[in-house]
Amino acid sequence: MTKSSIVSKSVQVLDIICSSRARLTYSQITEAAGLPKSSTHRLLSILREEGLVALDPLRSVYLPGPKLMGWATNVLSAADLPEISASTLMRLSRDVRAGTAISILDGNQVLWLRIVDYPSRHRQAPRVGDRTPAHVCAAGKALLAFSDGARRQAILGEMDLEAFTHRTITDPADFAKELQKVREAGIAISNREEYLQDVGLAAPVFDHNSDVIAAVSMWDMTGRRSADDLLAYRQKLLDAAAEISAQLGYADVAGGQGQLNATRPA
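Values in this document were obtained by computation on a predicted structure and should not be read as measured data.

> Would you explain the sheet that holds strand β7 (residues 198-206) in this entry?
The strands making up a sheet associate through backbone hydrogen bonding, with each pair oriented either parallel or antiparallel. Strand order in this open sheet of 6 strands is β5-β4-β3-β8-β7-β6, and the pairing throughout is antiparallel. Two strands in the sheet have a free side with no partner beyond their single neighbour: β5 (131-133) and β6 (188-191). On average, each strand axis in the sheet is tilted by 30° relative to the strand beside it, whichever way the strands run. In the sheet, β7 pairs with strand β8 (residues 212-221) via 9 bridges, with the strands oriented antiparallel.

Laid out in structure tokens, this is it:
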């Protein structure tokens, strides 16, 4: 295949994978594309190497890869999420008397899109546009824990679990256990893991495809409240995340966001 042919056929294969509501096998993609098996195999290999598609080894099906998901999330989130979440974040911040924010996953970092400081910004709080390593903040844990398993594993494979404080989780096995706890609880906790003065909680936000697209966070300083103190507002955080999810077309919110963990991909 020529370069132009490879590009056009790669786009064709990507479109088939991304347009299907069900995950497709190699044979199904080959049939839908109308290509020889050898060509489909080569294209899928190239797309996997570039992170544009991923293979679920348990079901032998293909899905959008971490790089492609990152592009799509960034384009949608940067344009819409700050505006969609504004009133919800302001109400949450007022109700819990703490800073709140919405963020997305950008590679192995958290990108902060909108922040409500309460009552005013403290020194360690992020600013809009800042990036934070995903393993040290509650938002990063929530985004990773509820991500598709293949995407999560790809990101974890690239992460350097650097210690920011003596409480930072730096062992990959321990971090995997932490993400499992987050999936079971429906929320994530960061207890002095980035700064010794900060504690925070985060809950996932889902889009119309039931994919995690963002996280809603709230945080305070340890001199004011502990992680246990913040957990008293757990339901308010979950309700805020569910409200934003509903605005993005996510339908399964009737039982409360805390009910979702049993149905999310591992």
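> I'm lost on the environment of Asp 160 in this one. Help?
Tracing the sequence through the fold places Asp 160 in the loop between α6 (149-156) and α7 (172-185). A sequence separation of 27 residues divides Asp 160 from Pro 133, and the C-alpha atoms of the two residues are 8.9 Å apart.

> Looking at this model, I keep getting lost on the packing of helix α5 (residues 138-145) against α7. Mind explaining?
Running from N to C, α5 and α7 point in directions that differ by 80°, and their axes come no closer than 9 Å. If you check the angle between α5 and α7, you find them roughly perpendicular. The residues of α7 that touch α5, namely those facing Lys 141, Ala 142, Leu 144 and Ala 145, are Phe 175, Glu 178, Leu 179, Val 182 and Arg 183. Across the contact of α5 with α7, the residue classes break down as 6 nonpolar, no polar and 3 charged.

> Would you take a moment to explain the nonpolar core for this structure?
If you look at soluble globular proteins, the nonpolar side chains tend to sit buried side by side. Counting 29 residues, the largest nonpolar core has Val 110, Trp 112, Ala 139 and Leu 144 as the members making the most contacts within it. Mapped by element, the contributors of at least two residues to this core are β3 (99-106), β4 (109-116), α5, α7, β7 and β8. The leading source of residues in this core is α5, at 6 residues. Each residue touching Ala 139, except ones within four places of it in the same chain, is listed here: Ser 103, Val 110, Trp 112, Ala 202, Ala 215 and Ser 217. Counting 28 residues, the second largest nonpolar core, distinct from the first, contains Leu 89, Leu 111, Val 116 and Leu 248.

> Would you mind showing me how to read unusual backbone geometry here?
When glycine is set aside, most residues are seen to have a negative phi, and most peptide bonds are trans. Despite not being glycine, Ser 60 has its phi angle at roughly 55°, a positive value. Within the element layout of this structure, Ser 60 appears in the loop between β1 (53-56) and β2 (61-64). Notably, Arg 192 is not glycine yet its phi reads approximately 60°, a positive angle. Its location among the elements puts Arg 192 in the loop between β6 and β7.

> Quick question: what am I supposed to make of helix α2 (residues 26-33) here?
Spacing of three or four residues puts side chains on the same side of an α-helix, whose turn is 3.6 residues. Residues of α2 that are buried: Ile 29, Thr 30 and Ala 33. One side of α2 carries all its buried residues, which in axial view fall inside an arc of 100°. Positive backbone phi, at 65°, marks Gly 34, one or two positions downstream of α2.

> Just to check I follow, could you spell out the pairing of β7 for this structure?
A regular strand carries its side chains on alternate faces of the sheet. Counting buried positions along β7 gives 9 out of 9 residues, so the element sits mostly inside the fold. Two strands pair when backbone bridges link them, and β6 and β7 are joined in this way by 4 bridges, in the antiparallel orientation. Counterpart to Ala 188 in the pairing with β7 is Ala 202. Adjacent in sequence and paired antiparallel, β6 and β7 are bridged by 6 residues, among which Arg 192 carries a positive phi angle near 60°.

> Any chance you could explain α7 here in plain terms?
With 14 residues, α7 should reach 20 Å at 1.5 Å per residue; the first-to-last C-alpha distance of 20 Å fits that figure. What α7 keeps buried is the set Phe 175, Glu 178, Leu 179, Val 182 and Arg 183. With its buried residues spanning 145° around the axis, α7 presents them on a single face. Along α7, the residues that are exposed and aim more than 90 degrees away from the buried face are Lys 177, Lys 181 and Glu 184.

> For this particular structure, what's the right way to read the packing of aromatic side chains?
The relative placement of two aromatic rings is captured by the distance of their centres and the angle of their planes. As enumerated under the stated definition, the model contains 3 aromatic pairs in all. The interplanar angle of 75° and the centroid separation of 6.2 Å between the aromatic rings of Trp 112 and Trp 219 together place this pair among those described as edge-to-face. Taken as a pair, Trp 112 in strand β4 and Trp 219 in strand β8 lie far apart in primary sequence, 107 residues in all. Considered together, Trp 112 and Trp 219 belong to a single accessibility category, that of buried residues. Ring centres 5.9 Å apart and planes at 80° place the aromatic pair Phe 146 and Phe 206 in the edge-to-face group. Taken together, the residues span a long stretch of sequence, with Phe 146 in the loop between α5 and α6 and Phe 206 in strand β7 at a distance of 60 residues. The same class applies to Phe 146 as to Phe 206, namely buried. An aromatic cluster is defined as three or more aromatic residues linked by ring pairs; in this entry it consists of Phe 146, Phe 206 and Tyr 250.

Scoring rules and cut-offs
- Residues numbered from 1 in each chain as written.
- Predicted model: local features only at pLDDT ≥ 70, side-chain atom pairs only at ≥ 80, totals over all residues.
- Heavy atoms only, no water.
- Pairing = 2+ DSSP bridges.
- Helix = DSSP H or I, 4+ residues; strand = E, 2+ residues; numbered from the N terminus.
- Axes fitted to C-alpha atoms, helices over the stretch in contact; angles between N-to-C directions.
- Parallel < 35°, antiparallel > 145°, perpendicular 65-115°, else oblique.
- Contact = heavy atoms within 4.5 Å.
- Nonpolar A, V, L, I, M, F, W, Y, C, P; charged D, E, K, R; others polar.
- Core = buried A, V, L, I, M, F, W, Y, C linked by side-chain atoms within 4.5 Å.
- Buried < 20%, exposed > 50% of the residue type's maximum accessible area, 1.4 Å probe, protein only.
- Arc of directions from axis to C-beta.
- Expected span 1.5 Å × (residues − 1).
- Phe/Tyr/Trp six-rings, centres within 6.5 Å; stacked < 30°, edge-to-face > 60°.

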